[in-house]
Amino acid sequence: MNFLAPQWLWTLLAAIPLVAVYLLRVRPRRRPVTAYFLWQRILGQRKAASLFQRLRDALSLLLTLAALAAAVLAAAAPRLRQTDDRDLVIIVDASPSMRARGNGKPVVELARISVRDSIKALNGTRRMAVGLAAGELSFLSHLGDNPRDLLDTVDRIAATDTPVSAATIRSINAAAGSSQNRARFILLTDGARGWDELSDNIEVVRLVSGPLPNAGITAADLAWSGISGDKARFFYQVCSSFSEAKRIDLELRDAETDTLARLIPLNLVPGEPVSGTVELEGATPGRWIARLAASDVLTDDDSVALALPPRVPVKVAIPKADGYFFQRCVESFQAATGALALATGDAEISLCRGTAPAGASASVIFAPSGESPFWQSVGDVAPVLLTDRKQSGHPVLANLDFDALRFEGARQIAPSPGSMELAASESGIPLIWVSSANGRRAVVINLDPDEGSFFLSPWFPVLVHNAATYLAGRGNPPRSVLPTGSRADLTSAIPPGSDKPAGPQPVLETVGHWRTPDGTWFGAAVLSEPETVLDAKGPADSAKPLDHGHPPLVWLLVAAITLLTSEMFLYHRRKAG
């Protein structure tokens, strides 16, 4: 043991005058009295109690000396010798699995207790910072040695709905690598998997020693199944870390009416995912919930928010001159998926060749020719040997195989200024572009569908569908459910329980039903096998001993107060006796 303020030890010299005061005897003065026999009786009683009185005085002296010694040692700020005096950076795993109950209480509560004990043991000898690791690394406090400020952060330690990401682990590794000689990085975790890339520079404290009994949904989807407008297909995958096989029911409910649509009995075997697909008759657009009727340690992965989007077809008009194949393409989508529908007067999109009709606000144009605000000039036919995607992630190009796509009949052409070129030939001829002019928009495809039997190609309906839904603003609908921590490819979205949009391309940090500004629902759920299969196969416990509890000076002060209280009690007894 050593002391931070050893100069206070000189105060122990105060014991010398204290002992002298206790040993000092006051000789009584002689006084004449009228009746000696009365005083003789009193003096006889005091003589009988003198031995006890001397013992009580000695005990009082010892208590006072012990209280003095404890107070002086506390002022000298003792601390146990340590082999590592570096600052502490404690990172708390804030993934959903930390809400699981281990050792009788949520694991995140065990983390709070551990952090609180470490703060109390600081004793002014080192600094500490507290951080949370989930979808990103965030710090609740920076390095500091004020216990009150640090203790204020403990109540803010909470598990999130977002699993730990690879970017978070890289951030922790980078911080630990740059501060290795100045700070110890301690990770408090439940032992769940997902930390494979964690650096050896981070010490790990496992708050739970063994596996925990749990089951959860690790993958799910709900989508229209095509031919009929009221049929949907539900996909699920469920995993378990129970020590034995379990029979558990999976419920699929219409959240709009709280109606049970399907009950799926499952036989779960530890370590073996169970998956399947079921057909759902009479499905309606809106919110849905898949719920696992399991009694386990974690509830976050027992339910998944799902959604079916409304089937609103894009209304497509086809000029009579452009006829049969265009019409058959739209009718096929109308019958199979409901994505497109033939229309006349109130059409959203015009599907044509040559030039766009005068009144069309949005058009898909094949084989451009003549004059148009969407291009400047049209030249001769030019051969296309190779194609190059300029915007490979654009919705118009989704699911297209450019190696199999032949641009027969493409012409030398110059798009209008401001157009977005999506694909071009090896010689620079624009093949697909998006253009706008005078409030009108168009997707222009520089090929002649009569050439090369393009009408019979599987890429013809794909290209028509992509271009029409893109121009109508329905080219990239959200999936039924997305994992928390992922980024939604949307201009904005409204989180559960809020009226304020988040985003563009918001990160889904909360489980539940989200919605787009136009009222389309979609879900966010944990959907993570490492967060569900709590088999304790995560990082091993590797931390060196950590100080916990109050420092010695606190207990010395408590001892000094207790001893002084005891001596005060004896003092009043001496006065009374």
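For the structure itself, look to the data block above.
Residues numbered from 1 in each chain as written. Predicted model: local features only at pLDDT ≥ 70, side-chain atom pairs only at ≥ 80, totals over all residues. Heavy atoms only, no water.

The subject of this paragraph is the overall build of the chain. Along its length, the chain carries ten helices and 29 strands. A buried classification covers 44% of the 577 residues belonging to the chain. Residue pairs at least 24 apart in sequence account for 70% of intrachain contacts in the chain once pairs closer than 6 positions are excluded. For the chain, the computed accessible surface area is about 30,000 Å², with 54% contributed by carbon and sulfur atoms. (Helix = DSSP H or I, 4+ residues; strand = E, 2+ residues; numbered from the N terminus. Buried < 20%, exposed > 50% of the residue type's maximum accessible area, 1.4 Å probe, protein only. Contact = heavy atoms within 4.5 Å. Areas by Shrake-Rupley, 256 points an atom, 1.4 Å probe, with all protein chains shown as cover.)

Attention shifts here to the packing of helix H4 (residues 107–120) against helix H5 (residues 147–154). Angle between the axes and distance between the axes: these two values describe a pair of packed helices. Closest axis-to-axis distance for the H4/H5 pair is 10 Å, and the angle between their directions is 180 degrees. Comparing their axes, H5 and H4 come out roughly antiparallel. Residues Arg 112, Val 115, Arg 116 and Ile 119 of H4 form the contact with H5, whose own contacting residues are Pro 147, Leu 150, Leu 151 and Val 154. Grouping the constituent residues of the contact of H4 with H5 by class yields six nonpolar, no polar and two charged. (Axes fitted to C-alpha atoms, helices over the stretch in contact; angles between N-to-C directions. Parallel < 35°, antiparallel > 145°, perpendicular 65-115°, else oblique. Nonpolar A, V, L, I, M, F, W, Y, C, P; charged D, E, K, R; others polar.)

Moving on, we come to the sheet that holds strand S29 (residues 521–525). Taken in spatial order, the three strands line up as S27-S29-S28 in an open sheet, and their pairing is mixed. Only two strands of the sheet have a single partner each, and these edge strands are strand S27 (481–483) and strand S28 (512–515). Mean inter-strand twist for the sheet, computed between neighbouring axes without regard to direction, equals 35 degrees. Bridge analysis of S28 against S29 gives four bridges, and the strand direction is antiparallel. Among the inter-strand pairings, Trp 514 is bridged to a residue of S29, identified as Phe 522. (Pairing = 2+ DSSP bridges.)

A few words now on H5. Of all the residues in H5, the buried ones are Leu 150, Thr 153 and Val 154. Buried residues of H5 fall within an arc of 115 degrees about the axis and therefore sit on the same side. Along its buried surface, H5 packs onto H4, strand S6 (128–133) and strand S7 (137–144). Here H5 starts with a cap whose side-chain oxygen sits 3.0 Å from the backbone nitrogen of Arg 148, and that cap is Asn 146. (Arc of directions from axis to C-beta. Polar contact = N/O pair within 3.5 Å; in protein donor to acceptor, adjacent residues only side chain to side chain.)

All right, on to the sheet that holds strand S19 (residues 349–353) then. Reading across from one edge, S18-S17-S19-S20-S26-S25-S24-S22 is the order of the eight strands in this open sheet, with mixed pairing throughout. Two strands close off the open sheet at either side, each with one partner strand: strand S18 (340–342) and strand S22 (387–389). Sheet twist, expressed as the average angle between the axes of neighbouring strands with direction ignored, equals 25 degrees. The pairing of S19 with strand S20 (residues 362–366) spans four bridges and is parallel. For Leu 351, the partnering residue across the bridge sits in S20 and is Val 364. Where helix H7 (residues 323–336) meets the sheet, it contacts strand S17 (314–317), S18, S19 and S20, and its direction lies at approximately 125 degrees from that of S18. Across the sheet, helix H8 (residues 459–471) is in contact with S17, S18, S19, S20, strand S24 (420–425), strand S25 (430–437) and strand S26 (440–445); its angle to S20 comes to roughly 155 degrees.

Turning our eyes to something else, we now look at a nonpolar patch on the surface. A surface patch of nonpolar side chains, about 400 Å² in accessible area, is lined by Trp 10, Leu 13 and Ile 16. Structurally, the position occupied by Ile 16 is in helix H1 (residues 15–23). (Patch = residues over 30% accessible without salt bridge, like charges linked within 9 Å, V, L, I, M, F, W, Y side chains within 5 Å. Salt bridge = Lys/Arg side-chain N within 4 Å of Asp/Glu carboxyl O.)

So, about the pattern of salt bridges. Tallying each qualifying case throughout the model produces 20 salt bridges. The shortest N-O distance in the salt bridge between Glu 251 and Arg 253 comes to 3.2 Å. Across this residue pair, the class does not change: Glu 251 and Arg 253 are buried. Arg 515 is the salt-bridge partner of Asp 499, the closest N and O atoms lying 3.7 Å from each other.

Following the criterion strictly, the structure yields twelve aromatic pairs and no others. Ring centres 5.3 Å apart and planes at 80 degrees place the aromatic pair Tyr 324 and Phe 325 in the edge-to-face group. By relative accessible area, which is 36% here, Phe 325 ends up partly exposed. A cation over an aromatic ring shows up here: Arg 287 above the ring of Trp 521, its NZ or CZ 4.8 Å from the ring centre. (Phe/Tyr/Trp six-rings, centres within 6.5 Å; stacked < 30°, edge-to-face > 60°. Lys NZ or Arg CZ within 6 Å of the ring centre and 35° of its normal.)

The next subject is the nonpolar core. Ile 349, Leu 351, Phe 366 and Ile 432 are the most contacted members of the largest nonpolar core, which totals 40 residues. Tallying contributions element by element places H8 first for this core, with seven residues. Setting aside anything within four residues of it in sequence, one finds Ile 432 in contact with Val 396, Leu 397, Phe 402, Phe 407, Met 420, Glu 421, Leu 422, Ala 423, Val 443, Val 444, Ile 445 and Leu 463. (Core = buried A, V, L, I, M, F, W, Y, C linked by side-chain atoms within 4.5 Å.)

Moving on: the environment of Ala 232. Here Ala 232 lies in strand S11 (residues 232–240). For Ala 232, a relative accessible area of 0% puts it in the buried group. Each C-alpha atom of the pair Ala 232 and Thr 284 lies 8.8 Å from the other, and the pair is 52 residues apart in sequence. Other than its neighbours up to four places away in sequence, Ala 232 contacts Leu 222, Ala 223, Trp 224, Ser 225, Val 278, Glu 279, Leu 280, Ala 283 and Leu 308.

Bringing unusual backbone geometry into the picture now. The phi angle at Ala 367 is positive, at roughly 45 degrees, despite the residue not being glycine. Ala 367 gets classed as buried once you look at its relative accessible area, which sits at 19%.

Along the chain, Val 316 turns up in strand S17. Val 316 sits in the buried class, given a relative accessible area of 2%. Among residues more than four places away in sequence, those in contact with Val 316 are Val 330, Leu 340, Ala 341, Leu 342, Ala 343, Ala 347, Ile 349 and Leu 351.

The next point concerns the pairing of S17. Looking down a regular strand, the side chains alternate between one sheet face and the other. Here S17 runs beside S18; their pairing, made up of three bridges, is parallel. When the bridges of S18 are listed, Val 316 appears paired with Leu 342. The pairing of S17 with S19 spans two bridges and is classified as parallel. For Ala 317, the partnering residue across the bridge sits in S19 and is Ser 350.

The N-to-C vectors of H7 and H8 enclose an angle of 75 degrees; their axes lie 10 Å apart at closest approach. As the angle between them shows, H7 and H8 are arranged roughly perpendicular. Across the interface between the two elements, Phe 325, Phe 326, Cys 329 and Phe 333 of H7 pack against Phe 460, Pro 461, Val 464 and His 465 of H8. Here the contact of H7 with H8 is composed, by residue class, of seven nonpolar, one polar and no charged.

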